[in-house]
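Chain by chain, the residues:
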Amino acid sequence: MSYFCGLAVFVLAFSGGWCPCGADVGDFTPCLQFFYRSWPPKGLAGTPICQRYFNQYRFATLYSRPRRSPWFSAYLYTTPAGKRPSTSWKFEPQLAYPGADGNMIPFPPGPPDQNVVDSQAVELDYINSTYSRGHLNPSLHHQSHDDRSATFTLTNVAPQKAGSNDGPWEILEQTVNKTLYAYCLGEAYIVTGVIPYQTDEHWLKNHRVAVPEYLWSAYCCPSYNNSLPEKLRETFPTYAAVGRNDPNSTEEIVPVNKKAKKQFRGYDVRQMSLETLELYLKERFSTVVSVFYEQCSGSV
Ligand SMILES: *[C@@H]1O[C@H](CO)[C@@H](O)[C@H](O)[C@H]1NC(C)=O
Ligand SMILES: *[C@@H]1O[C@H](CO)[C@@H](O)[C@H](O)[C@H]1NC(C)=O
Ligand SMILES: *[C@@H]1O[C@H](CO)[C@@H](O)[C@H](O)[C@H]1NC(C)=O
Ligand SMILES: *[C@@H]1O[C@H](CO)[C@@H](O)[C@H](O)[C@H]1NC(C)=O
């Protein structure tokens, strides 16, 4: 247990409060290493989860309990190796039982426990829906098998149309992989999140899990190779993107390429500066959203 956790236990034990530290929920303190300068994004409210698997922190998620889906996941990119693991989907016992162990665990066979169903999304929410399980922190941005497996928790997943998940959004993930692999010299911090519908919120069948209108992603690589090719000049130290998750959305944020293959049409991704992304986030969340400390420009 970290010093801060120990202190919180001590303080709360004497104030009669409940300490979320042991359960890795409610506080990013144990997993600040996944944020540039240990500084979680500002402006969004939700339940912090330090995503733990086999007793190691793997990444961090800001979860929305009412939406039963994440606002964002934050992680460190590591050069991928190996294939997408065949792994079972997991849940967070500590969302259902505050005293529970903070390690994510695979859904057991059979119907899940009612407290689990109430507190988070479960596999039945996605089965036979018209949405796939869209990883915010994707398995393909990780090296170790366990880091990859840990991304298969439903708290890291938002309902994403297959046309986005298997199309432009996947291409974005691959592009970011190639760019960071080739030119990022030190740590690369990535935050990937969702933008909800402004009105007329969309839900998966059963009205339990909210569907996002857009996905967004941004990286911060403070230390990079200065001999960048012309077309990548704008992409360091930080760059961002927004992807459509609904062909019916208007084109103000992301225009549609009408010539795209039919199954991917309307799911375009637009790459943009972090500044531009933050303008859209401000507009859509009606508050200032800051993804990285000093927009990733803070001197190291
Ligand atoms: C999903 O749909 C198929 C085909 O309609 C059906 O056989 C299956 O029982 C459904 N599964 C669930 C979990 O609803
Ligand atoms: C990620 O980038 C590395 C280096 O270019 C490459 O070997 C690997 O195939 C890429 N992985 C994916 C899934 O694009
Ligand atoms: C930086 O990029 C150039 C051009 O791609 C390459 O020749 C050089 O080896 C790279 N330097 C480092 C430190 O990776
Ligand atoms: C787009 O609009 C059409 C017609 O109103 C509707 O049938 C379809 O379900 C909508 N698509 C999405 C992803 O909401």
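Please read all numbers here as calculations on a predicted model, not as lab measurements.

A. Quick look at the packing of aromatic side chains. Per the stated rule, a full pass over the model turns up 10 aromatic pairs. Ring geometry for tyrosine 224 and phenylalanine 236: centres 5.1 Å apart, planes at 25 degrees, overall stacked. Residue tyrosine 224 is found in the loop between strand E10 (210-220) and strand E11 (238-244), and its partner phenylalanine 236 is found in the loop between E10 and E11; the two are separated by 12 residues along the sequence. A relative accessible area of 24% means that tyrosine 224 is categorised as partly exposed. Phenylalanine 236 gets classed as buried once you look at its relative accessible area, which sits at 6%. Each member of the aromatic cluster is reached from another via a ring pair, and the members are Phe28, Phe35 and Phe72. When the ring centre of tryptophan 39 is taken as reference, the NZ or CZ atom of lysine 42 above it lies at 4.0 Å. Residue placement shows lysine 90 over the ring face of tyrosine 53; its charged tip is 5.1 Å from the ring centre.

B. Main features of the environment of arginine 265. Tracing the sequence through the fold places arginine 265 in the loop between E11 and strand E12 (269-272). Through-space distance from the C-alpha of arginine 265 to that of isoleucine 127 is 24 Å; in sequence the pair is 138 residues apart. Leaving out residues up to four positions away in the same chain, arginine 265 has contacts with Pro247, Asn257, Lys258 and Ala260. At 3.3 Å, the side chain of arginine 265 forms a polar contact with the backbone oxygen of lysine 258.

C. The site of ligand 3, seen in detail. Close to ligand 3 lie Tyr183, Leu185, Asn225 and Ser227. Between an oxygen atom of ligand 3 and a side-chain N or O atom of serine 227, the distance comes to 3.5 Å. Considered on its own, ligand 3 offers 360 Å² of accessible surface; in the complex 34% of this is hidden by protein. Broken down by class, the residue content of the shell around ligand 3 amounts to 2 nonpolar, 2 polar and no charged.

D. Region of interest: the UniProt feature "domain: ENPP1-3/EXOG-like endonuclease/phosphodiesterase" (unreviewed entry) in the protein chain. Mapped onto the present numbering, the UniProt feature "domain: ENPP1-3/EXOG-like endonuclease/phosphodiesterase" (unreviewed entry) falls at residues 56-272. The span residues 56-272 shows a helical share of 18% and a strand share of 28%, and its end C-alpha atoms are spaced 34 Å apart.

E. Structural detail: the site of ligand 2. Neighbouring ligand 2 are the residues Pro80, Gln174, Asn177, Lys178 and Tyr181. Residue asparagine 177 places a side-chain N or O atom 2.4 Å away from an oxygen atom belonging to ligand 2. Contact with the protein chains hides 59% of the accessible area of ligand 2, taken as 360 Å² for the molecule alone. Its residues placed into classes, the shell around ligand 2 shows 2 nonpolar, 2 polar and 1 charged.

Calculation criteria
Residues numbered from 1 in each chain as written. Chains lettered and ligands numbered in written order. Predicted model: local features only at pLDDT ≥ 70, side-chain atom pairs only at ≥ 80, totals over all residues. Heavy atoms only, no water. Phe/Tyr/Trp six-rings, centres within 6.5 Å; stacked < 30°, edge-to-face > 60°. Helix = DSSP H or I, 4+ residues; strand = E, 2+ residues; numbered from the N terminus. Buried < 20%, exposed > 50% of the residue type's maximum accessible area, 1.4 Å probe, protein only. Lys NZ or Arg CZ within 6 Å of the ring centre and 35° of its normal. Contact = heavy atoms within 4.5 Å. Polar contact = N/O pair within 3.5 Å; in protein donor to acceptor, adjacent residues only side chain to side chain. Near = heavy atom within 4 Å. Areas by Shrake-Rupley, 256 points an atom, 1.4 Å probe, with all protein chains shown as cover. Nonpolar A, V, L, I, M, F, W, Y, C, P; charged D, E, K, R; others polar. UniProt positions renumbered as here; feature names shortened; annotations may be inferred.

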